[in-house]
Each structure stands twice: as structure tokens, then as C-alpha cells.
Amino acid sequence: MALFTGSGVALVTPYDNSLAQNINYDVFADLIEFQIENGTDAIVVAGTTGEASTQTDEEQVQLVKFCVDRVNGRVPVIAGAGSNDTAHGVQLTKDCAAAGADAILSVTPYYLKTSQAGLLAHYGAIADAVRETPIILYDVPGRTGMSINPQTLAELRKIDNIVALKDATGDLAKAVESRYYVGPDFDIYSGNDDTVVPLMSLGGQGVISVLANIAPKQVHEMTHYALNGDYAKATEIQTAFKPLIDILFSEPNPIPIKKAVSMLGFDAGSVRLPLVPAQEETVAALEAEMKRLKLI
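Model, not experiment: these values are computed from the prediction.

> What am I meant to see in the overall build of the chain here?
If you tally the helices and strands in the chain, you get 13 helices and eight strands. The principal-axis extents of the C-alpha atoms in the chain amount to approximately 45 × 45 × 35 Å. Per-residue burial over the chain gives 55% buried out of 296 residues. By sequence separation, contacts in the chain at least 24 residues apart represent 73% of the contacts at least 6 residues apart. For the chain, the computed accessible surface area is about 12,200 Å², with 51% contributed by carbon and sulfur atoms.

Here you go:
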């Protein structure tokens, strides 16, 4: 059984002021409720979109614990807990599991990178540290400089608690090859908002979405149309939102989505350095496209 099917939101982390010094838990609670009220099927906290890489371990774990307590079992809570240092990744994974996360999203090592043999050892150590907690592998070569080969994925799926892949490669040919190597029973989620429906047509279970921060109902509907085999309606939503998706990634994520969330009326604060607030032309484009789609 899939950990979740449909739309998982990669939730932003709101901060309390323009310097992004402290997490604003009041707004974070409001964002969680907004997602659940609009049909989101899972919440990913402290991921890339949540700015985990500029947070302390204590902040990440506290975010996870707060989210778990607030959600109170209504949807799965998935914790970002990756690292390029295996020992650090193991400890952070253990701490997030202890905080109550239903699953862990674990990115491939970045900057140092590693070999495919190193990936097997890295993920083997992390999985062994939390045998009762499901792990979703996160393949995002645009950020990490490396990728999980389909043959390596086939070996990793033999580990009992490695249950799924977040595929943010944007490479549909590779997605077909991965599906060949892992078979039909391994869960794959799109990690890119512009390839959700194509990846689901290859047996994907849904998406871990940036767009869902501001369009949770529509992303949920799109994925469930696809799950039910109505690819015409799913494609209609996918294509309608393509211009907005392009704007959301016109600057490094989560710069545009953080601004877009604020446009909905949530005081999400700024982003932490080295990220800087969205450029004026990005803000104008977001406003125009969100109005076109009747999001604001």
C-alpha cells in the first residue's frame, strides 16, 4: 500500500519578519489547516521548499514535531532529513522519526556527491537506523549534482523500509527505465510540478508539489483524476497551470512560492540568506497569473 496517493505538498516554512530569524508557528499552523481543508493528501515538512538547508537540526526537528502534533493523524507527515554526511543524515533521520514523522524524505548526497556504490551504502545506513520508518528516496540532480541510476534503484528497493522515490529529474525516459527496473509495485512520486501527469501515466502515485502551496485543491484534483484514469481532465489542469509553474521556478525555489503564499494572505515572511526576496518582475508575473487562475 502506498504511503499516500495524490498530492503531497512541500510546505514552505514561514518566518516572523523580513530577516527570517524565527519560525512563525502561528502562520505555520494556518498553512497546515489550509492544506488539509483543501484536500492535500500528505504534508512534507522541512524539505527543500521549507528551506531546511538554512535551518539548524533543532529547528527542523521542532518543525516536524509541531506539524505531527497539529496534523494529529489526519494525513501523513513526511520529514525532510537528508544530508551529504551519512552520519549526520542518520542522526537527523532518527530524530525526525522520534518526533513522530510517518516517513522520511532523504535526498542524495550533494556537493561531495558519491558513486552508485556509495549511494547503496549511504541509504543502507540510513534505512538501518530507522527500520520501522518508511523512507522516500529523493532524486534531484539539478540541486545535488548526482542521480540514482535505475539499476541502483532496483537494489535499494530490496531494503524493506525504502518504499518510494521522489523523481525530480524531469527525465521521462529515465522514469520509464526506472519503472522497468523496479516493477509496478514501487511507488514513484513526481518531484516536478510540470511532469505530474506524464509521470503518473507511468504508474506514479502522485506528486510532492511546490504548486500545492497555493493551489492545493487543484493539485489534489489533478492527481486524483489521473489515479482514476481520467487523463483528459488531469491534463487540462496540468496544462492550465504550466505558465504559473514556470514563474514559480523562474528564480530559485522557494523564492517565488514564498511570495505567492504571502499573496494568498498568509504572512510567510522572507527567505533566509543566501536566498533573497523575489524580483519585482517575478512578483508582477505571479500576481497576473494567480489572478488569471482566480487564486487571488
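> Just to check I follow, could you spell out the pattern of salt bridges for this structure?
Where side chains of opposite charge bring their charged atoms close, a pairing between them can arise. Per the stated rule, a full pass over the model turns up 11 salt bridges. Here K65 makes a salt bridge to D69, at a shortest N to O gap of 3.1 Å. Taken as a pair, K65 and D69 lie in helix α2 (residues 57–71) at a separation of four residues, close to a single helical turn. Here the salt bridges share partners, and the residues they tie into one network are E33, R70 and R74.

> Help me out: how do you make sense of the environment of L3 in this one?
In this structure, L3 sits in the segment before β1 (6–10). With a relative accessible area of 22%, L3 lands in the partly exposed category. For the pair formed by L3 and E132, sequence separation is 129 residues and the distance between their alpha carbons is 13 Å. Those residues in contact with L3 that sit more than four places away from it in its chain are P76, I78, D102, A103, P134, I136, D187 and Y189.

> Can you walk me through the state of the cysteines in this structure?
Note: disulfide means a covalent bond formed between the sulfur atoms of two cysteine side chains. Throughout the structure, instances matching the rule amount to zero disulfides. Its sulfur unpaired, C67 is 11 Å from the next cysteine sulfur, which belongs to C96. Residue class for C67 comes out buried when judged on its relative accessible area of 0%.

> I would appreciate a short explanation of unusual backbone geometry in the present structure.
Geometrically, the link from N253 to P254 is a cis peptide bond, its omega value of 15 degrees lying close to zero. Summarising the element assignment, P254 is placed in the loop between α11 (242–248) and α12 (255–263). The residue after L273, namely P274, is reached through a cis peptide bond having omega 15 degrees. Along the chain, P274 falls in the loop between α12 and α13 (280–292). Phi angles above zero are rare outside glycine, and E51 is one such case at about 65 degrees. With respect to the secondary-structure elements, E51 resides in the loop between β2 (42–45) and α2. Taking relative accessible area as the criterion, E51 reaches 3% and is therefore assigned buried. Non-glycine residue N72 carries a positive phi angle of around 55 degrees. Taking the relative accessible area as the measure of exposure, N72 reaches 62% and is therefore exposed.

> Please explain the packing of α2 against helix α3 (residues 86–98) as it appears in this structure.
To describe two helices that pack against each other, one gives the angle between their axes and the distance between the axes. It is the contact of α2 with α3, at a shortest axis distance of 9 Å, that shows an interaxial angle of 30 degrees. Comparing their axes, α3 and α2 come out roughly parallel. Once α2 is placed against α3, the crossing between them reads as right-handed. On α3, the residues that touch D57, Q60, V61 and V64 of α2 are H88, L92, D95 and C96. Taken together, the residues of the contact of α2 with α3 break down into four nonpolar, two polar and two charged.

> When you look at the pairing of β2 in this model, what are you seeing that I'm missing?
Here is the key point about a regular strand: its side chains alternate between the two faces of the sheet. What you see with β2 is no split at all: A42 and V44 on one side and I43 and V45 on the other are buried throughout. In the sheet, β1 pairs with β2 via three bridges, with the strands oriented parallel. For V9, the partnering residue across the bridge sits in β2 and is I43. In this fold, β1 hands off to helix α1 (residues 25–37), which returns the chain to β2; that crossover is right-handed. Inspection of the sheet shows β2 paired to strand β3 (residues 77–80) by three bridges, in the parallel sense. Bridge pairing in β3 places V44 opposite I78. The handedness of the β2 to β3 crossover, carried by α2, is right-handed.

> Would you take a moment to explain the environment of A284 for this structure?
Looking at where A284 falls in the secondary structure, it is placed in helix α13. Judged by its relative accessible area of 43%, A284 is partly exposed.

Analysis parameters
Residues numbered from 1 in each chain as written. Predicted model: local features only at pLDDT ≥ 70, side-chain atom pairs only at ≥ 80, totals over all residues. Heavy atoms only, no water. Helix = DSSP H or I, 4+ residues; strand = E, 2+ residues; numbered from the N terminus. Buried < 20%, exposed > 50% of the residue type's maximum accessible area, 1.4 Å probe, protein only. Contact = heavy atoms within 4.5 Å. Areas by Shrake-Rupley, 256 points an atom, 1.4 Å probe, with all protein chains shown as cover. Salt bridge = Lys/Arg side-chain N within 4 Å of Asp/Glu carboxyl O. Disulfide = S-S within 2.5 Å. Axes fitted to C-alpha atoms, helices over the stretch in contact; angles between N-to-C directions. Parallel < 35°, antiparallel > 145°, perpendicular 65-115°, else oblique. Left-handed = near helix turned anticlockwise from the far one by under 90°. Nonpolar A, V, L, I, M, F, W, Y, C, P; charged D, E, K, R; others polar. Pairing = 2+ DSSP bridges. Right-handed = clockwise from strand over helix to strand, strands pointing away.

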